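# Chain and residue survey
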Amino acid sequence: MTQPERGVTPLPQAKRRRRSPLPSILGGGALLGLAAFLAFGSLGQSLEYFKTPSEYQLEQSTLAGKPLRLGGLAQAAEYDPQTLNLSFQLTDGSVTYPVQYTGAVSDMFQEGQGVVVRGRFSESAQGADPGVFQADELIVKHSEEYKVPETQAEIDQLRDLLESAE
Amino acid sequence: MLSWYSLSFSQSPLALLGQLSLLLALLFGLGGLWQAVVAGRTGDPRPAQSAAHAIAAVFGFVTISVGALLAAMIGSDFSVRYVAEHSMASSPLWIKITGLWGALEGSIMLWLWLLSLYAVILTRTACKDSLRPWVFSAMLFNLLFFIGVCATIASPFTPLATIPTDGAGPNPALQNHWMMAVHPVLLYLGFVGLAVPFAYAVAALITGRLSDHWVSAVRRWTLVAWGFLTLGIVSGGWWSYETLGWGGYWAWDPVENASFIPWLLATAFLHSIQIQERRGQMRGWNVWLIVLAYASTVLGTFLNRSGIVQSVHAFAGGPVGGVFFGFLAVLLLGGIALAAWRAPRLRDSGEPPHALSREGAFLAGNWLFVVFAFMVLLGTLFPTLIEAVQGHRDTSVGPPFYNAFAVPLGLGLLLLMGIGPLLPWRRAEGQSLWRALRPLLIAGGVAALIGLAAGLRHPGVLATLALCAYNLAGLAGLTWRHLQERRAAGLGGGLSTVFASQPRRYGAYLAHIGLVMLALGVVFSTVYRQDQQATLNLNQQASLLHEQLELTGTRSVNRSDGHSLIADIRIDGQPYEARMNFYQQAGSMAFPAPAVRYGLWGDTYLVVSAFDEGGQWVSVRLVESPLIAWIWLGTAVMMLGTGLSLVSPRRPRLQEAVSSLPHAAAATD
């Protein structure tokens, strides 16, 4: 479709060779399989679920001991700036869990603050009582719009608010 | 279209100028595309020249448009929408300027401007061959897409109903550090630069001239783009280290991943085009790779702008994501259709790569890069896929997923990186290979033993240490052999002469040395990182991570755009000044500015996380990361290497004389 320019000889076309693409496909497939095996083997540990306390209560049997992001409103916070120990109650209006965290918290941390904590429930928990949520990371969601939800619609609203901000 | 394209003469003059310039750029772009296609179809050089002029005009008008936006930002003209939404009068000048790429519309404008800049340089440097008009066509096609987006759905100039007295101000997270002025530009220079090799691949497919000329033409362009991409990614990591206050630089965030995927594919491409240059192989592979690499930059923008993945970096959504998705689909489908149409000409000449040859090592490395990129993409999209299945989003993929494959793949790449330059093209003899490999293995073994003796026990660290020594031994051996050969041929000279005689080869060696440093920095700073938090009381000693810390005072400083709280802390007698910045537009939200003392063997990183109102105490986090500076130093070395391999050889005759020597054929790049 194009005319060769003056002085440019078109290069000879590559020889048609019958070459099986099988070895490279097999090699690549094996590599991909290996990588997938490595990654998905650890996916159980590295996949984190975002839950509100009432969602966690429903799925407690499958989620117990797994890494989790738990979102809700902070209540009854007790913080000692000298030891950096923070404990508070995380609620979404219907279910409340105690949370334990060690680390500095700014003045921004107030009652009724929307927070997401990353961590897991302590191993010692038995039966229906999941124990204390041990947080490794605390993400404070700054917003003026938080209030303790009363209806399911308000719980969903809070969930969206907490999750979308991240 | 017209409902989007609101051009109104009641607008401010700057907005009108910007919008009109975009409209003119669009017209010239369309005309240029038409001329370029005519030139491609007829082989007539005159319309190709008109297309080149049209590209220059597009560049001119886009520059005027960007200039108008910039003038509005600097002059705080809040009648321009983008300025009203993302700038404010009290910001310092540099913040006003960098606000140009601080939000969605402006960042697409920057992308467009850089693309037009690359296109105009391309019109000046491209060879007058039959690829040229089609390269212009592909560039203009890309340009038209971005002009279209900027002029319509992402226009920074659309009129405002009411003009505010002051703007909403820039995102405070982006004005907390000067690196935000540099990082996006570098990253975009990398992303946009990949458009040029992509345009060449399209041109080669359309003309059917898939022999090896196009890959030679794009080598430098790809290197430039790759260099900027590398700098962009690392500068982003450094920004994160300097401002986010957790002492890390990489978190496998979706947007970080979106810049890493094109980097992996571009690195693979840089190596695989050498196989085509040398051996006429991998023709199909190279076309696919560059189409995927360029498409992945657009994918990154799509992920970033559409809000379908959650990330700290993501801009708010809007219709832009959908449009980018459409563009991505056009690029991928167009690339697939063109490659399928030209499939008969994409066959390779000669024997397929032998496993024990340089091309074999390059091919294996390419597979590792491609698998790496695919896995990163999978991890990035996994939560979105789950959401598509389950209907609501409640999962995220943490770093362990990425580390599980990044560590073995990274080690595999280090292994191949050492052996690649050692192997000759075509085929290595088993015995001579073993002889060449022995010093490398010895160096690796010795390094691992020294590491063991020094008390290192982590298998990943020992493996990295061994592989780094093995790489350095290989490069040193090759350089030494080259020096000896030159001596034998009566061509004296030291290292600098050798470097100048084959800049491309030694540039690659330097880049590999830089990568070795970077790998050491990444591994040591990750594995041996220490982190402790505590509260310091005024004038009392406290012990953290074997250091003595003392708070000597706190103070508050007012700035034009907010205020800062500063804690003066002594660590083992050395003064540190850790800040917490507050911005007018962000209220009481604090942005940490850690105090970092850089050191060759490790950094001391101090960040304040809480202040007592009375100034009696502060809560701090102290992080110590060994060798973390080697990441930045290694990147600098990689850039030196990239620069060197762009240089033309100084004395080509000497080079010929050397490569005609019997052993040199194996050693030349």
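Because the structure is predicted, anything quoted here is derived from the model rather than measured.

### Brief notes about the overall build of chain A
- From N to C terminus, chain A includes 5 helices and 6 strands.
- The helix and strand sequence of chain A, counted from the amino end, reads α-α-β-α-α-β-β-β-β-β-α.
- In chain A, which comprises 166 residues, the proportion classed as buried is 39%.
- Surface summary for chain A: the accessible area is close to 9400 Å², and the carbon and sulfur share equals 53%.

### Quick look at the overall build of chain B
- The helix and strand tally for chain B stands at 22 helices and 10 strands.
- Contacts in chain B between residues at least 24 apart in sequence constitute 72% of all its contacts with a sequence separation of at least 6.
- In the structure as shown, chain B presents an accessible area of about 25700 Å², 67% of it carried by carbon and sulfur atoms.
- Taken together, the 39 basic and 31 acidic charged side chains of chain B have centroids lying 16 Å from each other.

### Focus: the domain arrangement of chain B
All names here are of chain B.
- The domains assigned to chain B are domain 1 (7-175) and domain 2 (530-628).
- Measuring from the centre of the C-alpha atoms in domain 1 to the corresponding centre in domain 2 gives 42 Å.
- For the pair domain 1 and domain 2, the two sides together bury roughly 650 Å², of which 53% comes from carbon and sulfur.
- Interface area lost by domain 1 to domain 2 is led by S90, P172 and Q175, which between them contribute 60%.
- The tally of links between domain 1 and domain 2 comes to 0 salt bridges.
- Our count for the contact surface shared by domain 1 and domain 2 stands at 3 residue pairs in polar contact (both at pLDDT 80 or more).
- The residue inventory of the side of domain 1 that touches domain 2, partitioned by class, reads 6 nonpolar, 3 polar and no charged.

### Quick notes on the pairing of strand β9 (residues 602-611) of chain B
All names here are of chain B.
- Among the 10 residues that make up β9, 8 are buried, leaving the element largely enclosed by the rest of the structure.
- Two strands pair when backbone bridges link them, and strand β8 (residues 595-597) and β9 are joined in this way by 3 bridges, in the antiparallel orientation. Along β9, the bridge assignment pairs A595 with L606.
- Bridge count between β9 and strand β10 (residues 617-626): 9 bridges; the pairing is antiparallel. Pairing of V607 across the sheet is with R621, part of β10.
- Between the antiparallel neighbours β9 and β10 lie 5 residues, among them G615 with a positive phi of about 75 degrees.

Cut-offs and rules
Residues numbered from 1 in each chain as written. Chains lettered and ligands numbered in written order. Predicted model: local features only at pLDDT ≥ 70, side-chain atom pairs only at ≥ 80, totals over all residues. Heavy atoms only, no water. Helix = DSSP H or I, 4+ residues; strand = E, 2+ residues; numbered from the N terminus. Buried < 20%, exposed > 50% of the residue type's maximum accessible area, 1.4 Å probe, protein only. Areas by Shrake-Rupley, 256 points an atom, 1.4 Å probe, with all protein chains shown as cover. Contact = heavy atoms within 4.5 Å. Lys, Arg positive; Asp, Glu negative; His and termini not counted. Charge placed at Lys NZ, Arg CZ, Asp CG, Glu CD. Domains from an automatic or database assignment. Buried area = accessible area lost by both parts, 1.4 Å probe. Salt bridge = Lys/Arg side-chain N within 4 Å of Asp/Glu carboxyl O. Polar contact = N/O pair within 3.5 Å; in protein donor to acceptor, adjacent residues only side chain to side chain. Nonpolar A, V, L, I, M, F, W, Y, C, P; charged D, E, K, R; others polar. Pairing = 2+ DSSP bridges.

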